[in-house]
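# What the coordinates show
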Amino acid sequence: MMRAHLPILPILIPFAAALLQMAWNRLAWQRAIGLCASVLLLFASAWLTALSDDGLLRVYALGDWPAPYGIVLVVDRLAAMMTLLCAILGLATLLYASAGFDERGQHFHPLFQLQLVGLCGAFLTGDLFNLFVFFEVMLLASYTLLAHGGGLARTRAGISYVVLNLIGSALFLIALGLLYGTLGTLNLADMASRLTQTGHDAALARLAFALLIAVFALKAGLLPLSFWLPPTYGAAGAPVAALFAIMTKVGIVAILRVQAVALAPAMPDLLAGWLTTLALATIVFAALGALTADRLRALAAWLVLLSAGSLLLVPAATDERVVAAAIYYLLQSTLTGAAFFLIAGIVAVQRGDCGDDFRAGPPTATWVKLAFLVVAASTAGLPPFAGFVGKLMLLSALRQTAAGTVTWIVLLGAGFLVMAALARQGCILLWKRPLERPPQPTAAVNWQRATATLLLVAAAPLLAILAGPLSDYAQRTASQLQTPGAYVAGVLGAQAAATGHGAR
């Protein structure tokens, strides 16, 4: 019975935790409920990921209404892996926030759990309307989490963040309206089935999908829609920014899913050319931005944008090897990006008034310096860490694409700029001391922050050690993603998929 309802648990667990936390408003109770829920979410997501590796598509019909008439959750290897990644980030960042960051404002814990509801739901849903619903749950929670703790910088970043995402939500609704008016369905599998049939307005459907991809590109931070991301992530509190590291991946996974299931069979040229060009421009923009960063949290935000640009090279490639490399790269870049934000928070605490600004200040603990070195080396793509493996896999796979030479030049050039920025700014931040005053004693870091940070830092060597089985899993995930017929048949049933039957 538990296994039958397992697909809904990554949504149900944080939602139930949010309700309980609103009922018990004491901070100690909210912390305990949140941490217990995060452990349960990690267990459920790991179990779901292990089960999904059998290659079967698990379709959960809410209210027992079959697709395309009702709401369905669809679990394949990619969806299960992304929920597990959410659970790992959620547990680490919540543990870090429970060391005192959650005391700076009200309702942090229920909003944090609702953020996890939106993230997990966006990866699991099988129809575009509920993808919009989960996007809105995720964004509404993120608006308040961004402003948690107050401050002028967060208020400014929050205003631009809200305005841009409201515009994106409006475009999302317009795209959904056009798709439903054209195809008569918003279930992704049913939509893919109908696109291969005649009798619909192909030009209008193409326009609707173009709007949809633009919305996902806004969420992912694709240039010229990426100007909001560095100041927003740089202004957020350390644990909030660390959780936000996976939010750009929601847009990227949505593009991958829509492209593989619906666009590749019916509109294979929709992403051709322009997406690769803008992704390369995003990488260059992010690398140059990393050189200009004046504090560690801002540098981490630029690095998140650079990883998003690298992943956005993938959907237009439509190659299984490229997708497999991108899945491994997604895992390591998300975890190391989140680790950077937590390290920045600890550095800011230990350096007092100097914060995480790139200027001489009080010393930091030795383990913090070592953690920074590990994460910086992995981000720059240096062996023997996971960043080197991920970048090598991505470069090897992209070599055979149409823009392979340009892609190599841009990625290697961006890697060199990032390495220079990390080396120069890291030396100033962690080792340079002011000459006019003696060193101050280093502030202690409590166990919650240290444990959460080291948990994410450990991903850099662990993912490299496990590169063999993880790359095999990524290959199987890419193979499953690139077989849209199996997805459609799994959701609608073989007969319905063959006849193009759906709700009109």
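To start, this report covers the structure provided alongside it.

## Quick word on the packing of aromatic side chains
Considering all chains together, one arrives at 17 aromatic pairs under this definition. When the ring of Tyr161 is compared with that of Trp228, the centres are 5.6 Å apart and the planes differ by 40 degrees; the resulting orientation is tilted. Linking Tyr161 in helix H6 (residues 152-183) with Trp228 in the loop between helix H8 (202-220) and helix H9 (229-235), this pair joins segments that are 67 residues apart in sequence. Tyr161 sits in the buried class, given a relative accessible area of 2%. Note on Phe227 and Phe285: the rings are 5.2 Å apart at their centroids and 65 degrees apart in plane angle, and the pair reads as edge-to-face. Here Phe285 lies in helix H12 (residues 274-292) and Phe227 lies in the loop between H8 and H9, a separation of 58 residues in the sequence. Stacked on the ring of Tyr96, the Lys or Arg Arg449 has its end atom at 5.5 Å from the ring centre.

## Considering the layout of surface pockets
Counted as a void, the largest pocket has a volume near 390 Å³. Lining the largest pocket are 16 residues, with Leu84, Ile88, Leu331, Leu335 and Leu463 positioned closest to its centre. Breaking the lining of the largest pocket down by element, the ones donating at least two residues are helix H3 (77-97), helix H14 (320-350), helix H18 (447-457), helix H19 (459-465) and helix H20 (467-481). Sort the elements by how many residues they give to the lining of the largest pocket and H3 lands first, with 4 residues. The residue makeup of the lining of the largest pocket, split by class, is 15 nonpolar, 1 polar and no charged. Along its surface, the second largest pocket is lined by 13 residues, and Pro68, Gly70, Asp127, Leu186 and Asn187 are the ones closest to its centre. Along the lines of polarity and charge, the residues of the lining of the second largest pocket split into 7 nonpolar, 5 polar and 1 charged.

## Comments concerning the pattern of salt bridges
Per the counting criterion, the structure on display carries 7 salt bridges. Note that Asp190 is salt-bridged to Arg194, the shortest N-O span being 3.5 Å. With Asp190 and Arg194 both in helix H7 (residues 188-195) and 4 residues apart, this pair spans about one turn of that helix. Residue class for Asp190 comes out buried when judged on its relative accessible area of 0%. Overall, the relative accessible area of 14% leaves Arg194 in the buried class. Within the structure, one salt-bridge network assembled from shared partners comprises Arg31, Asp102 and Glu103.

Thresholds, definitions, all that
- Residues numbered from 1 in each chain as written.
- Predicted model: local features only at pLDDT ≥ 70, side-chain atom pairs only at ≥ 80, totals over all residues.
- Heavy atoms only, no water.
- Phe/Tyr/Trp six-rings, centres within 6.5 Å; stacked < 30°, edge-to-face > 60°.
- Helix = DSSP H or I, 4+ residues; strand = E, 2+ residues; numbered from the N terminus.
- Buried < 20%, exposed > 50% of the residue type's maximum accessible area, 1.4 Å probe, protein only.
- Lys NZ or Arg CZ within 6 Å of the ring centre and 35° of its normal.
- 1 Å grid on protein atoms, 1.4 Å probe; cavity = no way out; pocket = protein on both sides within 12 Å on 5 of 7 lines; lining within 4 Å.
- Points joined across faces, edges and corners; volume = space filled by probe spheres on them.
- Nonpolar A, V, L, I, M, F, W, Y, C, P; charged D, E, K, R; others polar.
- Salt bridge = Lys/Arg side-chain N within 4 Å of Asp/Glu carboxyl O.

By themselves these figures say nothing about function.
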